[in-house]
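The residues making up each chain are set out below.
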Number of protein chains: 4
Amino acid sequence: MTESPRPALVEGHAFEALDWQEVTVEGADWAIEMAVTPRVVNSSGALQGGLLATLADMVAGTALMRGSDPYARSATTEMHVSFLEAARQGPVVATAHVLRRGRRTAVVRVDVRDRSAGDILVATATLSFAVRRAEGA
Amino acid sequence: MTESPRPALVEGHAFEALDWQEVTVEGADWAIEMAVTPRVVNSSGALQGGLLATLADMVAGTALMRGSDPYARSATTEMHVSFLEAARQGPVVATAHVLRRGRRTAVVRVDVRDRSAGDILVATATLSFAVRRAEGA
Amino acid sequence: MTESPRPALVEGHAFEALDWQEVTVEGADWAIEMAVTPRVVNSSGALQGGLLATLADMVAGTALMRGSDPYARSATTEMHVSFLEAARQGPVVATAHVLRRGRRTAVVRVDVRDRSAGDILVATATLSFAVRRAEGA
Amino acid sequence: MTESPRPALVEGHAFEALDWQEVTVEGADWAIEMAVTPRVVNSSGALQGGLLATLADMVAGTALMRGSDPYARSATTEMHVSFLEAARQGPVVATAHVLRRGRRTAVVRVDVRDRSAGDILVATATLSFAVRRAEGA
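Summarised in this report is the structure supplied together with it.

Cut-offs used in this document
- Residues numbered from 1 in each chain as written.
- Chains lettered and ligands numbered in written order.
- Predicted model: local features only at pLDDT ≥ 70, side-chain atom pairs only at ≥ 80, totals over all residues.
- Heavy atoms only, no water.
- Helix = DSSP H or I, 4+ residues; strand = E, 2+ residues; numbered from the N terminus.
- Buried < 20%, exposed > 50% of the residue type's maximum accessible area, 1.4 Å probe, protein only.
- Least-squares fit on C-alpha atoms with pLDDT ≥ 70 in both.
- Contact = heavy atoms within 4.5 Å.
- Pairing = 2+ DSSP bridges.
- Axes fitted to C-alpha atoms, helices over the stretch in contact; angles between N-to-C directions.
- Buried area = accessible area lost by both parts, 1.4 Å probe.
- Salt bridge = Lys/Arg side-chain N within 4 Å of Asp/Glu carboxyl O.
- Polar contact = N/O pair within 3.5 Å; in protein donor to acceptor, adjacent residues only side chain to side chain.
- Nonpolar A, V, L, I, M, F, W, Y, C, P; charged D, E, K, R; others polar.
- Phe/Tyr/Trp six-rings, centres within 6.5 Å; stacked < 30°, edge-to-face > 60°.
- Parallel < 35°, antiparallel > 145°, perpendicular 65-115°, else oblique.
- Left-handed = near helix turned anticlockwise from the far one by under 90°.

Digging into the overall build of chain A
Logical step 1: Counting its secondary structure elements, chain A contains one helix and six strands.
Logical step 2: Taken from the N to the C terminus, the helices and strands of chain A come in the order β-β-α-β-β-β-β.
Logical step 3: Considering only C-alpha atoms, chain A reaches an extent of 50 × 30 × 25 Å along its principal axes.
Logical step 4: Split into buried and exposed, the 137 residues of chain A put 53% on the buried side.

With respect to the relation of the copies chain A and chain B
Logical step 1: Note on the identical chains: chain A maps onto chain B by a rotation of 180 degrees and an axial translation of 0.0 Å, with an RMSD of 0.0 Å. In the structure described here, the two chain copies are related by an operation that fits a two-fold rotation axis.
Logical step 2: Looking at the interface residues of chain A, 100% of them are also at the interface in chain B, so both copies use one shared face.

So, the sheet that holds strand 6 (residues 120–132) of chain D
Logical step 1: Overall, antiparallel pairing links the 12 strands, which are arranged 1(C)-2(C)-4(C)-5(C)-6(C)-3(C)-3(D)-6(D)-5(D)-4(D)-2(D)-1(D) in an open sheet. Where the open sheet ends on each side, the last strands, each with one partner, are strand 1 (20–22) of chain C together with strand 1 (20–22) of chain D. For this sheet, the mean angle separating the axes of adjacent strands, direction not counted, is 25 degrees.
Logical step 2: Judged from the 10 bridges that link them, strand 3 (residues 73–83) of chain D and strand 6 of chain D form a sheet pairing that is antiparallel. Within strand 6 of chain D, the residue paired with Thr76 of chain D across the bridge is Phe129 of chain D.

What about the interface of chain C and chain B?
Logical step 1: At the junction of the two partners, chain C supplies 12 residues and chain B supplies 12 residues.
Logical step 2: Buried area between chain C and chain B, both sides added, is near 1100 Å², and the carbon and sulfur share of it is 54%.
Logical step 3: Three residues stand out in chain C for area buried against chain B, namely His80, Leu84 and Arg109 of chain C, and they jointly supply 40% of the buried area on that side.
Logical step 4: Taken together, chain C and chain B are joined by four salt bridges.
Logical step 5: Notably, a salt bridge pairs Arg100 of chain B with Glu85 of chain C, separated by 3.6 Å at the nearest N-O pair.
Logical step 6: At the boundary of chain C and chain B, one finds six residue pairs in polar contact (both at pLDDT 80 or more).
Logical step 7: Of all the elements in the fold, those that place two or more residues in the side of chain C that touches chain B are strand 3 (73–83), strand 4 (92–101), strand 5 (105–114) and strand 6 (120–132) of chain C.
Logical step 8: For the side of chain C that touches chain B, the per-class residue count stands at four nonpolar, four polar and four charged.

Remarks on the pattern of salt bridges
Logical step 1: For the structure on display, the rule yields 16 salt bridges over all chains.
Logical step 2: For Arg109 of chain C, the salt bridge goes to Asp111 of chain B, with nearest N and O atoms at 3.0 Å. Separated into two different chains, Arg109 of chain C in strand 5 and Asp111 of chain B in strand 5 (residues 105–114) make up a pair that spans both. One exposure class covers both Arg109 of chain C and Asp111 of chain B, and it is buried.

A few points about the packing of aromatic side chains
Logical step 1: According to the stated counting rule, one finds four aromatic pairs over all chains in the structure shown.
Logical step 2: On the basis of an interplanar angle of 70 degrees and a centroid distance of 5.6 Å, the ring pair of Phe15 of chain A and Trp20 of chain A is categorised as edge-to-face.

Focus: the packing of helix 1 (residues 49–65) of chain C against helix 1 (residues 49–65) of chain D
To characterise two packed helices, one gives the angle between the axes of the helices and the distance between these axes.
Logical step 1: Remark: helix 1 of chain C packs on helix 1 of chain D, axes separated minimally by 8 Å, with the N-to-C direction vectors making an angle of 160 degrees. Considering their axes alone, helix 1 of chain C and helix 1 of chain D lie roughly antiparallel with respect to each other. Note on packing geometry: the crossing formed by helix 1 of chain C with helix 1 of chain D is right-handed. For the pair helix 1 of chain C and helix 1 of chain D, the contacting residues are Gly49, Gly50, Leu51, Ala53, Thr54 and Asp57 of chain C in the first and Gly49, Gly50, Leu51, Ala53, Thr54 and Asp57 of chain D in the second.

A word on the pairing of strand 3 of chain D
Logical step 1: In the sheet, strand 3 of chain C pairs with strand 3 of chain D via five bridges, with the strands oriented antiparallel. Along strand 3 of chain D, the bridge assignment pairs Met79 of chain C with Val81 of chain D.

Considering the environment of Val59 of chain D
All names here are of chain D.
Logical step 1: With respect to the secondary-structure elements, Val59 resides in helix 1.
Logical step 2: Among the residues examined, Val59 registers a relative accessible area of 0% and is labelled buried.
Logical step 3: In this view, Val59 contacts Trp30, Ala31, Ile32, Ala94, Ala96 and Val110; residues no more than four positions away in its chain are not counted.

Structural data, given as structure tokens:
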């Protein structure tokens, strides 16, 4: 099976600059590893905050569409990110934990760690989603 | 004077996909307009949430570095975004209002509106920054 | 008609310590004024943060239940508060603006100002609610 | 030693309605247990959201002032709370984990669980603080 976390993108889509891949982290509902390359850093050389938020949004949304009790659709309604340390080395690993799986809404926590920098926590995020299960589910 | 809100980016930087420009909005401390192109939308054709967060971060950070009482440095510490409506048409206009200009911290509100869709509010964000004034300022 | 923003409380309820009343603020969907008394301050003499959050929650929730298009029920799902300045004098005025009136969810912004301290903004909050309209509405 | 987490309160302070006590939770930096009494519930019988936020603020702030590396002063600057389930039975236990112990700022996560309702997570919060260490520390 060749299921992919990324739908096809138009050429030149912002996501093309993001070098990420699915990884397995014990206890997490979903995890993505992303390289800290020159294409995603800010002028001081650290992972740009909005792109870190993009990573958090991606891993949280994917966590809701996978696993034993997946949703058919999800749309982010709220995003809160606390930036704790600059991520300069990487790769960073973003892990998602679904905190609430409701019928219409879901809440996911995402922690982002810098693997090269002693696995320190560089950011933590809480995201809320409007969700829908598949028809007949 | 050729001052630019965007530093030089490496080729292929994620920000190259963002088609934005500074605009003037009365009462706002800073404003940026961005096109909703295929390069920044998600699979349902709306401006991707993380990229909207990137836009909010950009306009808020720039607002702090400009104007009559600018900071010399700023780093985002917290970001909260409420996504109210999908932005499908655009361009969107993100306006920044600095709510607090402290010695070490600043808080900025950003509202994002879809100009083609009756100027509706598509998102509102509150961002906090660790800041530093220029030496001797 | 003697409709009241506060339901009857048991004796000794925490809300008894809150000395608030409805006020009219032009342009706002709802507004409440609250005195900064010794019963609601922290050890440094400023309005305690959690009680300010309580005030924000109250004025936002009430705004959704009133006006020309009221909901029958609402429950807070997310609350984000930025504390900008200490409120030491008061009274403070909390104004609510409904940013989104959806079928199932609503988002409200609340600004809190200290009237005695030059009307400065002491806090700003964004709250999300799960809502329900009256049957048949 | 008779150190107390609560300073003396004026008679009738809102906090008098809160029936809490320190508890020990393995792995947590601080924990408080609070009863869900009629004095802290809303009209639908669940722990009122603002008072839950008050509890989160209390346990987070106290966590920063205790332990092996305590701060001398702290003031809440940001508070984000996700309300996941209604807390109707209680007692609830709020546990604090300090995520960042910086020189000037700190970030704390607080999880609130309902002990009688299968220990379910009823809310999660992230709080930021402006902090100061003791002189000479």
